[in-house]
Amino acid sequence: MSLTAKAALQRGIDTFMRIGLADPVTDAERLLAYAMGVARGALPMKREQVLDATQLARYLNAVDQRELRIPISQIIGRRAFWNHDFHVTRNVLDPRPDTETLVDAALRQSFGSVLDLGTGSGCILLSLLSERPEARGLGVDKSADALEVARINRAELGLDTRAELTQSDWFGEVSGRFDLIVSNPPYIAADVYEDLQPEVRLYEPKIALTPGGDGLAAYRIIAAQAGAYLAPQGQVMVEIGFDQRHVVQDLFEQAGFADVALVQDINGKDRVVTAILR
């Protein structure tokens, strides 16, 4: 079988429309660009190009995987976040544009040292360090498999000497004090988790999505313990769910933090809570 890029693209679009994907054109284009080894923007110029056997096999396999609702980032093994492409697998949370709000908020502050709790792919920590060449950081995660992914990303960005990665259940293996603590913790409530899209519920690590119960367990730990790991006037910044603003702010205020504030994302949704050590 031989197909032009145009015909292959349409085949993917038809498949994705049939199963009801939200954006079948974009998904098909991303997979075709991956299979052909070109930028997505180059596809219009290659519409009549006949895919070679390797490209066609790679594309059809990718379409089959997407039909199973496997996330595109896991199919192609990469996800764009902030200013880099990060290696991702099923062992880490897929970096999302919403989380760039946390990176942006952190980069508006001065810091020489940063702790990333639940680092996953390392996308937050490594994005911060890549923008601040004088800073050093520590990323911790309970999952050894997630840390292996973070190590790949650390090496690709040339940050081996400035980013330490350690297996730790929150603050369990952490020592020292930091100017900044950041985290995108699991915050989805148990009852909400069951209604997530298949791409998320079936293919992303549950441990990175929900702590069970009301979804607030991680915030309780961070609010209660972060002060012992912050330098004077140090800051903590955590990503939150759209409806968790008030309860998370209350947790930090009750723990004695000052200037507890909210940062909204580009869509105007509550996204990050920040607080300063008194």
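The rules behind these values
Residues numbered from 1 in each chain as written. Predicted model: local features only at pLDDT ≥ 70, side-chain atom pairs only at ≥ 80, totals over all residues. Heavy atoms only, no water. Helix = DSSP H or I, 4+ residues; strand = E, 2+ residues; numbered from the N terminus. Rg over C-alpha atoms; globule rule 2.2 N^0.38 Å. Buried < 20%, exposed > 50% of the residue type's maximum accessible area, 1.4 Å probe, protein only. Contact = heavy atoms within 4.5 Å. Areas by Shrake-Rupley, 256 points an atom, 1.4 Å probe, with all protein chains shown as cover. Lys, Arg positive; Asp, Glu negative; His and termini not counted. Charge placed at Lys NZ, Arg CZ, Asp CG, Glu CD. Polar contact = N/O pair within 3.5 Å; in protein donor to acceptor, adjacent residues only side chain to side chain. Salt bridge = Lys/Arg side-chain N within 4 Å of Asp/Glu carboxyl O. 1 Å grid on protein atoms, 1.4 Å probe; cavity = no way out; pocket = protein on both sides within 12 Å on 5 of 7 lines; lining within 4 Å. Points joined across faces, edges and corners; volume = space filled by probe spheres on them. Nonpolar A, V, L, I, M, F, W, Y, C, P; charged D, E, K, R; others polar.

A.B. asks: Summarise the overall build of the protein; cite the residues concerned and give the values.
C.D. replies: Secondary structure assignment for the protein yields eleven helices and nine strands. For a compact globule of 278 residues, the expected C-alpha radius of gyration is about 19 Å, and the protein comes in at 20 Å, within 12% of that figure. Counting only C-alpha atoms and orienting by the principal axes, one finds that the protein spans roughly 65 × 40 × 30 Å. Put simply, the protein has 278 residues, and 53% of those count as buried. For the protein, the share of sequence-separated contacts (at least 6 apart) that also reach a separation of at least 24 residues comes to 64%. For the protein, the exposed area adds up to about 12900 Å²; of that, 49% sits on carbon and sulfur atoms. Charge-centre separation for the protein: the mean point of 29 positive side chains lies 3 Å from the mean point of 38 negative side chains.

A.B. asks: Mind laying out the side chain of serine 183, listing which residues take part and the relevant values?
C.D. replies: When you line up the elements, serine 183 lands in strand S6 (residues 178-183). For serine 183, a relative accessible area of 1% puts it in the buried group. A polar contact of 2.9 Å, which involves the side chain of serine 183, links it to the backbone oxygen of leucine 117. Setting aside chain neighbours within four positions, we find serine 183 in contact with Leu102, Asp116, Leu117, Trp170, Ile222, Met237, Val238 and Glu239.

A.B. asks: Give me the lowdown on the pattern of salt bridges, citing residues and values where you can.
C.D. replies: On inspection of all chains with the given rule, the structure shows 15 salt bridges. The closest approach of N and O atoms between arginine 78 and glutamate 156, which form a salt bridge, is 3.0 Å. Taken together, the positions of arginine 78 in strand S1 (residues 78-81) and glutamate 156 in helix H7 (residues 144-156) put the pair 78 residues apart, joining distant regions of the chain. One continuous salt-bridge network, built from bridges that share partners, spans Asp27, Arg66, Arg69 and Glu199.

A.B. asks: Go over the layout of surface pockets, please, and point to the residues and values.
C.D. replies: What the second largest pocket holds in volume is close to 160 Å³. For the lining of the second largest pocket, the secondary structure elements donating two or more residues are helix H2 (24-36) and S1. For the lining of the second largest pocket, the per-class residue count stands at four nonpolar, no polar and four charged.

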